[in-house]
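What follows is each chain in one-letter form.
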Amino acid sequence: MKKRNLLFLLSFLSLFISCKKEKITGVIAQKAMVVSAREEASKIGSDILEKGGNAYDAMIATHFALAVVYPVAGNIGGGGFLVYRNNDGTKGALDFREKAPITAHKDMYLDSLGNVIKNKSVLGAHAVGIPGSVAGVFEVHQKMGSLPFKDLIQPSIDLARNGFTVTEKQANSLNKASFYFKKANNYATLFERLWKKGDTLKQEELAQTLERIRDFGKDGFYKGKTADLLVNYVSELGGIITHKDLEKYKAIWRNPIEFSYRDYNITSMTLPASGGICLAQILKSIEPYDLSKIKHNSTKYIQLLTEAERRSYADRAHYLGDIDFVNVPIDSLTNTNYINKRMASFSWDKASPSSEVSQGKILGYESDETTHYSIVDQFGNAVSVTTTLNTGYGSKVLVKGAGFFLNNEMDDFSSKPGVPNVYGLVGSKANAIASEKRMLSSMTPTIVEKDGKLKMVVGTPGGSTIITSVLQNIINVVDYKMGMQESVNQPRFHHQWLPDIIRMEPNGFDKETKQKLESLGYQILERNSLIIGRVDAILVLPNGTLEGGADPRGDDTAVGF
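The rules behind each value
Residues numbered from 1 in each chain as written. Predicted model: local features only at pLDDT ≥ 70, side-chain atom pairs only at ≥ 80, totals over all residues. Heavy atoms only, no water. Axes fitted to C-alpha atoms, helices over the stretch in contact; angles between N-to-C directions. Helix = DSSP H or I, 4+ residues; strand = E, 2+ residues; numbered from the N terminus. Parallel < 35°, antiparallel > 145°, perpendicular 65-115°, else oblique. Contact = heavy atoms within 4.5 Å. Nonpolar A, V, L, I, M, F, W, Y, C, P; charged D, E, K, R; others polar. Pairing = 2+ DSSP bridges. Polar contact = N/O pair within 3.5 Å; in protein donor to acceptor, adjacent residues only side chain to side chain.

### Quick look at the packing of helix α5 (residues 149-162) against helix α7 (residues 204-216)
At step 1: In the contact formed by α5 and α7, the axes pass within 8 Å of each other and the chain directions differ by 170°. In this view, α5 runs roughly antiparallel relative to α7, as classed from their interaxial angle. Facing Phe149, Lys150, Ile153, Gln154, Ser156, Ile157, Ala160 and Arg161 of α5, the residues of α7 in contact are Glu204, Ala207, Gln208, Leu210, Glu211, Ile213 and Arg214.
At step 2: When its residues are assigned to classes, the contact of α5 with α7 shows seven nonpolar, three polar and five charged.

### Re the sheet that holds strand β11 (residues 382-388)
At step 1: An order of β7-β4-β3-β11-β10-β2-β19 is seen for the seven strands of this open sheet, with the pairing classed as antiparallel. Strands with a single pairing partner mark the edges of an open sheet, and in this sheet they are β7 (252-254) and β19 (557-560). On average, adjacent strands in this sheet sit at an angle of 15° to one another, irrespective of strand direction.
At step 2: Strands in contact with helix α2 (residues 39-50) are β2 (33-36), β10 (370-376) and β19; relative to β2, the strand with the most contacts, it is inclined by about 160°.
At step 3: Along the sheet face, helix α3 (residues 55-69) touches β2, β3 (79-85), β4 (91-96), β10 and β11 and points at about 150° away from the line of β10.

### Let's talk about the side chain of Arg254
At step 1: If you trace the backbone, Arg254 turns up in strand β7.
At step 2: There is a polar contact of 2.8 Å between the side chain of Arg254 and the side chain of Asp324.
At step 3: In contact with Arg254, not counting residues within four places along its chain, are Gly92, Ala93, Asp95, Met269, Thr270, Leu271, Pro272, Asp322, Ile323, Asp324 and Arg438.

Laid out in structure tokens, this is it:
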């Protein structure tokens, strides 16, 4: 009898264990980790850490590696933002966002009737902002780096020269863009062929450009041969970038946005990145609600986040721009009383139509293809970096003789107030084009702390969906106690005020939830090609080890030791 009971108990236990949902865990590392869009880049960054380099050395090495192996968004012809936290708790941010050329002006994309000229700010030489990535990398090295610069860039030079293996996703991406490469350039670029998985991609011209940066520093890009190649080719294509534009470019150290959510401290990027302000607004909007009583990705959960996002993106469209050019009421926009007033019109019973939600009233004044990488080193320093060419392969202009793509960031300005950009985002005169102004971005590199200790490093590409993807991953970890990979794998949704739709990743949300949302007046867009963000994040576990969350939506990989 006892034997039979024991057999029954064992069979029940084995059935229970097999039925129990297997916990998803990412790569675990004891000391240090790099998570990026490609395994080659993550490995190069991790190798630098193993050689005794710090997070900033690894950032530089990873950045250049992505420019080689991930040309859709990794870059030297683009820009971005870095948020850091040192092991002593000090924090800061670097703005290496692109700028408008000196001769740029607010009407440069309008025709004689004042209408926006289709694609002029998106495709070709007129779409290009002054690149900031190389200046940003040298700022980081000068202030924070510990290893010789040549050691940090050499692995990428070798990778460009010797080649790397093209993945299936990358082959598809290159093949889809081939038509636009032909349209934007006046010569046959090396990318114009039919790519397939397993092909080797060698980039000798890019290797030589990287060698000039290695040998001449920042001047190896903003002056000399590379600058000549860039300016001459853009000019040949009818663009307006000059040598003076390149020589005048500077990356800027800024104070990040800091705020608390529940009992966590969050540090994110300030303007011209809108991410930090919008993230603060949305998290503070939902903080009064007890999420432990609201099921994850349920109707009520999606409704609450959508209404908070709707109000924040309306404010973004009206108030936000480059703080060196416009007076932005950051303190007022992130004030709890202001946010509570904004949410007062929210009702569980029905959607708040975006036509009835404009920017909030304040009492006075006080950034689809991007890439993100997160790094934690063995010394406890952390960096969160989001960098971009804007849309995939940027302007599609590949600098003749230099082998790198130029951004199309000029589209992130408001070509005309109220007219949406390529991501459907609208802007006001706060984000109008002006000489040497930085365009508004959705990029949201973010670091989360708890009890004064590092908890999480997170960020993502995804155009206007960047903010909401970072938001959902913070909530997943903080409120729903998910692990990092488990969080990154969750289906995501997005609302940005205009257009008034909830975008949903396909097959991630149940039919009943969607039907209930629609009955409340929400319009849903769900299609197979819709991917919302590719989050690369690191979570510090209670025992001090690191868990990497590398997004399965791409070829993203975590590497650590």
